[in-house]
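These are the residues of each chain, in order.
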Amino acid sequence: MNAILETKDLCKYYGADSQLVKAVDHVNLEISQGEFVTIVGKSGSGKSTLLHLLGGLDNPTSGQILMEGKDITAYGKEEMAAYRRRKIGFIFQAYNLIPSLNVWENVILPVGLDGKAVEEAYVEDILRTLGMEKKKKNLPNTLSGGQQQRCAIARALAAKPAIILADEPTGNLDSKTGDEVMSLLRLTAKKYGQTLVVITHNEEIAQTADRTLLIEDGKVVV
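The structure presented is a predicted model; accordingly, all values stated were derived computationally and were not measured.

Peer 1: Before we move on, could you go through the packing of helix α4 (residues 120-129) against helix α5 (residues 145-158) and cite the residues and values that matter?
Peer 2: Relative orientation and spacing of two packed helices are given, respectively, by the angle between their axes and the distance between those axes. Where α4 meets α5, the closest approach of the two axes is 10 Å, and the angle between their N-to-C directions is 150°. Compared by their axis directions, α4 and α5 come out roughly antiparallel. Between α4 and α5 lies a crossing of right-handed hand. Of the residues in α5, those in contact with Y122, I126 and L127 of α4 are A154, L157 and A158.

This is how it looks when you write it as structure tokens:
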């Protein structure tokens, strides 16, 4: 299968001399189109830093990140913002919904920010798949944690990104709700042909992936 995302000798260092922290240290990896990959490792191992680099939320110290063969580390500020909007769907542990916007408005926000017309039928289908079609007018504070995370998943899917990057997407949920959310995330990624990369501490989630990468001290060891 074709590699959609690739890193070459990727490094992210903080500090200097005795205070030097190698958060990501010479990482080489390939992720194939349509693959479901989990990234596991202890706290402070570099998982979130790696995810932020892949998503263009942070800049590496050195090395390359290739998205569909293009080196995103060479992008300027505007190109990088467009990359995040068009190619990456982010899902975070904290949901990051805007409190004053209802479910529908939160979901279509990234599409509007990119100046595109909203494909309403597509968004309706996502909400239906996630069981959120009757919550479109609800504000986030009227939703359960599981419903808020489903809204965050819908938002990540709405702009039809090539890759979904999820950082501990079930971290704030009880185990039953977390299982449901992960099942829906896998279902929607497969349904809409997206590549899924998930950071998790949950071994059960890791076992359902096509492949699991273990990070220790900033290095991918598996």
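The discussion continues.
Peer 1: Before we move on, could you go through the sheet that holds strand β4 (residues 62-67) and cite the residues and values that matter?
Peer 2: Taken together, four strands build an open sheet; the order of strands is β2-β1-β4-β5 and the sheet is antiparallel. At either end of the open sheet lies a strand with only one pairing partner, and these are β2 (21-32) and β5 (70-71). One ladder, built from two bridges, connects β4 with β5; its direction is antiparallel. If you follow L66 over to β5, its bridge partner there is D71. On the sheet, helix α1 (residues 47-54) packs against β1 (3-14), β2 and β4 and is oriented at approximately 125° with respect to β1.

Peer 1: Describe in detail a negative patch on the surface, supporting the description with residues and values.
Peer 2: Together, D174, D179, E203 and E204 line one region of the surface with negative charge. Residue position: D174 is located in the loop between β7 (163-167) and α6 (175-191). Of the residues examined, D174 reaches a relative accessible area of 47% and is grouped as partly exposed.

Peer 1: Please provide a residue-by-residue account of the pattern of salt bridges, values included.
Peer 2: Under the definition given, this model contains 13 salt bridges. For K12, the salt bridge is made with D58, and the minimal N-O distance between the two is 3.3 Å. Here K12 is found in strand β1, whereas its partner D58 is found in the loop between α1 and β4, with 46 residues between them in sequence. Relative accessible area serves as the criterion here: at 22%, D58 is assigned to the partly exposed category. Where K136 meets E124, a salt bridge forms, and the shortest distance between an N and an O atom there is 2.9 Å. In this pair, K136 is assigned in the loop between α4 and α5 and E124 in helix α4, connecting sequence segments twelve residues apart.

Peer 1: Before we move on, could you go through the sheet that holds strand β6 (residues 88-92) and cite the residues and values that matter?
Peer 2: Strand pairing in a sheet relies on backbone hydrogen bonds, with the paired strands running either antiparallel or parallel. The strand order across the open sheet formed by six strands is β6-β7-β8-β3-β9-β10, and the pairing between neighbours is mixed. One side of each edge strand has no neighbouring strand; the edge strands of this open sheet are β6 and β10 (219-220). Pairing of strand β9 (residues 211-216) with β10, which is carried by two bridges, proceeds in the antiparallel orientation. Paired with I215 across the two strands is V220, which belongs to β10. In the packing of α6 onto the sheet, the strands contacted are β3 (36-40), β6, β7 and β8 (195-199), and the crossing angle to β8 comes to about 155°.

Peer 1: Break down the pairing of β4 for me, citing the residues and quoting the values.
Peer 2: Of the pairings in the sheet, the one linking β1 to β4 comprises five bridges and is antiparallel in character. Of the residues in β4, the one forming a bridge with L5 is M67. In textbook terms, the turn of a hairpin is the stretch between consecutive antiparallel strands, and for β4 and β5 this stretch comprises two residues, one of which, E68, has a positive phi near 55°.

Calculation rules
Residues numbered from 1 in each chain as written. Predicted model: local features only at pLDDT ≥ 70, side-chain atom pairs only at ≥ 80, totals over all residues. Heavy atoms only, no water. Axes fitted to C-alpha atoms, helices over the stretch in contact; angles between N-to-C directions. Helix = DSSP H or I, 4+ residues; strand = E, 2+ residues; numbered from the N terminus. Parallel < 35°, antiparallel > 145°, perpendicular 65-115°, else oblique. Left-handed = near helix turned anticlockwise from the far one by under 90°. Contact = heavy atoms within 4.5 Å. Pairing = 2+ DSSP bridges. Patch = residues over 30% accessible without salt bridge, like charges linked within 9 Å, V, L, I, M, F, W, Y side chains within 5 Å. Areas by Shrake-Rupley, 256 points an atom, 1.4 Å probe, with all protein chains shown as cover. Salt bridge = Lys/Arg side-chain N within 4 Å of Asp/Glu carboxyl O. Lys, Arg positive; Asp, Glu negative; His and termini not counted. Charge placed at Lys NZ, Arg CZ, Asp CG, Glu CD. Buried < 20%, exposed > 50% of the residue type's maximum accessible area, 1.4 Å probe, protein only.

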